[in-house]
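One-letter residues, chain by chain:
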Amino acid sequence: MKKLNFEYSTEFEFSSPISSHSFTLRCLPLSDDRQIISEPKYVIQPSGGVIWNSRDSFGNSLLCGRIEKPHGRFSFSVKGTASITSSYTVSGKAHPMYAYQSPLTHPGEALTAFYEAHQPTESNVLYRSLALADSLYEYMTYEKGVTDVHTTAEEALSLGKGVCQDYAHIMLALCRMGGISCRYVAGLACDEGETHAWVEVNDGSRWYGIDPVNNCLISTHYLKLCHGRDYADCPIESGCYVGITESRQTVKSQIVQ
């Protein structure tokens, strides 16, 4: 078991003040078979708002809040210690929803052709998934700035390039085309300055973590924050406010042994 110190922070700077700001944060990791989280500490600024804990329908831990007073900056940070086992699996059955394509993974001509050309022959769920990850790794090029959070798996595969979120969405689409239940994971990883994304596939009794960007099973360097059918189910931060403004976001993360 490896012990890691983790820290994650996000700051929004607004061009003009906002108010009546409601937000939902998925920045508190949960303990499971693979990771044991010591009580994390969080800070939300500006202070003085109403904050409460909740869970979403996927089981993720939520920090919810509302800040009524006008503010030109909003930030949140969380830090703590995680004990990570050497296992890349967690126990659990997949809800039927994870077998179906979601809006960001729905296949078109490009994904259909790619799957037909690289359809794995292995019967074992993990080996089939790893074969798909290997084909994806050989085909795609990692490149920032060519996609965004709204880019679909079909669009990213057609481009042949993207970031971890795009790799995960394509991997989800391919696995579901092959009858494999799977889910999107957002978390932190060593050597990553922001959040990272990977997938978990299910064989009927266990979830297996696979990182398609690095073409590997997850290791003790990965800390899970939340999961869902695709990115849209588990953004780290979401919300709404009153105000006409532009915003600039700064994200920092650190995870060290």
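Residues numbered from 1 in each chain as written. Predicted model: local features only at pLDDT ≥ 70, side-chain atom pairs only at ≥ 80, totals over all residues. Heavy atoms only, no water.

### Brief notes about the overall build of the protein chain
Next, step 1: The secondary structure content of the protein chain amounts to four helices and 16 strands.
Next, step 2: Expected size for 257 residues packed as a compact globule is a radius of gyration near 18 Å; at 19 Å, the protein chain falls within 12% of this value.
Next, step 3: With the C-alpha coordinates aligned to their principal axes, the bounding extent of the protein chain is approximately 60 × 40 × 30 Å.
Next, step 4: Sorting the 257 residues of the protein chain into buried and exposed places 49% on the buried side.
Next, step 5: Partitioning the intrachain contacts of the protein chain with sequence separation of at least 6 by distance along the chain shows that 74% fall at a separation of at least 24. (Helix = DSSP H or I, 4+ residues; strand = E, 2+ residues; numbered from the N terminus. Rg over C-alpha atoms; globule rule 2.2 N^0.38 Å. Buried < 20%, exposed > 50% of the residue type's maximum accessible area, 1.4 Å probe, protein only. Contact = heavy atoms within 4.5 Å.)

### Considerations on the packing of aromatic side chains
Next, step 1: In this structure the tally under the stated criterion is 12 aromatic pairs.
Next, step 2: Centre to centre, the rings of Phe14 and Tyr241 are 5.5 Å apart; their planes meet at 70 degrees, and the pair counts as edge-to-face. Taken together, the positions of Phe14 in strand E1 (residues 2-25) and Tyr241 in strand E15 (residues 237-242) put the pair 227 residues apart, joining distant regions of the chain.
Next, step 3: We classify Phe14 as buried; its relative accessible area is 10%.
Next, step 4: Each ring, one from Tyr98 and one from Trp207, has its centre 5.6 Å from the other, and the planes form 85 degrees; the classification is edge-to-face. Within this pair, whereas Tyr98 is found in the loop between strand E7 (89-91) and helix H1 (109-118), its partner Trp207 is found in strand E12 (residues 206-211), the two being separated by 109 residues in sequence. Comparing Tyr98 with Trp207 shows no difference in burial state: the two are buried. (Phe/Tyr/Trp six-rings, centres within 6.5 Å; stacked < 30°, edge-to-face > 60°.)

### Quick word on unusual backbone geometry
Next, step 1: Cis peptide bonds are those with omega within 30 degrees of zero, and the linkage from Gln45 to Pro46 qualifies with 5 degrees.
Next, step 2: Inspection of the secondary structure puts Pro46 in the loop between strand E3 (41-45) and strand E4 (50-55).
Next, step 3: The residue Ser20 is not glycine, and still its phi comes out positive at about 50 degrees.
Next, step 4: Residue position: Ser20 is located in strand E1.
Next, step 5: Even without being glycine, Asn215 reaches a positive phi, approximately 55 degrees.
Next, step 6: Relative to the assigned elements, Asn215 resides in the loop between E12 and strand E13 (216-217).
Next, step 7: Asn215 gets classed as partly exposed once you look at its relative accessible area, which sits at 27%.

### Focus on the pairing of E4
Next, step 1: Counting buried positions over the six residues of E4 gives zero, only a small fraction of the element.
Next, step 2: As judged from the six bridges shared by E4 and strand E5 (residues 61-67), these two strands associate in the antiparallel manner. The partner of Val50 across the bridge, within E5, is Arg66.
Next, step 3: Counted between consecutive antiparallel strands, the loop separating E4 from E5 contains five residues, among which Gly59 sits at a positive phi close to 95 degrees. (Pairing = 2+ DSSP bridges.)

The values are spatial; any link to function lies outside them.
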